[in-house]
Amino acid sequence: MRAAHYGRAIRVAPYTLSAPGAERRADLGLIAAYVRAQGLFSTRSTFGDIGQPLPIARRSGFGAACKCAAQGFAEGIIAIGRPAITMDNDAYRDVLDFLNERAVFLTYLPCQDS
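All of the points below concern the structure found in this document. Since the structure is predicted, the reported quantities are computational estimates derived from the model, not experimental observations.

1. Remarks on the overall build of the chain
- In terms of regular secondary structure, the chain is built from three helices and five strands.
- Relative to the globule expectation of 13 Å for 114 residues, the C-alpha radius of gyration of the chain, 13 Å, shows essentially globular dimensions.
- Each principal axis of the C-alpha atoms in the chain carries an extent, and together these give about 40 × 35 × 25 Å.
- In the chain, the proportion of contacts linking residues at least 24 apart, taken out of those at least 6 apart, comes to 72%.
- When the accessible surface of the chain is totalled, it reaches about 7000 Å², and 54% of it is carbon and sulfur.
- Averaging the locations of the 13 positively and 10 negatively charged side chains of the chain gives two centres separated by 9 Å.

Dropping the structure here:
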């Protein structure tokens, strides 16, 4: 559903789990295009972590994205897909509970068929 349906600007904090440089720029480009197409707005800052997924609690970039949203600078966090957050179901549930308590949503780009 497009943001215009709600009659107000909805801001999201872009988050990537990727190497700096071309890979990160590509991920952020995909996120930015999707955000614009949906009538959303991105925060001025983008957030990211490098390499293999560490335990979510040790990822400073994701922590900063959560803090940005929890402080009211965004209504949600957007990532390419769930693997960028965590594939551990218990840790994922903890992330969702944390965000829900702060009225922050987490969303992903839709799956792309090849």
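So that's the structure; there's more coming.
2. Concerning helix 3 (residues 89-101)
- Under the 1.5 Å per step criterion, the end-to-end length of helix 3 is 18 Å for 13 residues, consistent within 8% with the ideal 18 Å.
- Looking only at helix 3, the buried set comprises Ala 91, Tyr 92, Val 95 and Leu 99. End-on view of helix 3: buried residues confined to an arc of 100 degrees, all on one side of the axis. Relative to its buried face, helix 3 has exposed residues pointing more than 90 degrees away, namely Asp 94, Asn 100 and Glu 101.
- Structurally, helix 3 contributes buried residues whose contacts are with helix 2 (60-70), strand 4 (76-79) and strand 5 (105-108).
- Near the N-terminus of helix 3, the side chain that reaches the backbone nitrogen of Asp 90, with its oxygen 3.2 Å away, is that of Asp 88.

Quick notes on the rules
Residues numbered from 1 in each chain as written. Predicted model: local features only at pLDDT ≥ 70, side-chain atom pairs only at ≥ 80, totals over all residues. Heavy atoms only, no water. Helix = DSSP H or I, 4+ residues; strand = E, 2+ residues; numbered from the N terminus. Rg over C-alpha atoms; globule rule 2.2 N^0.38 Å. Contact = heavy atoms within 4.5 Å. Areas by Shrake-Rupley, 256 points an atom, 1.4 Å probe, with all protein chains shown as cover. Lys, Arg positive; Asp, Glu negative; His and termini not counted. Charge placed at Lys NZ, Arg CZ, Asp CG, Glu CD. Expected span 1.5 Å × (residues − 1). Buried < 20%, exposed > 50% of the residue type's maximum accessible area, 1.4 Å probe, protein only. Arc of directions from axis to C-beta. Polar contact = N/O pair within 3.5 Å; in protein donor to acceptor, adjacent residues only side chain to side chain.

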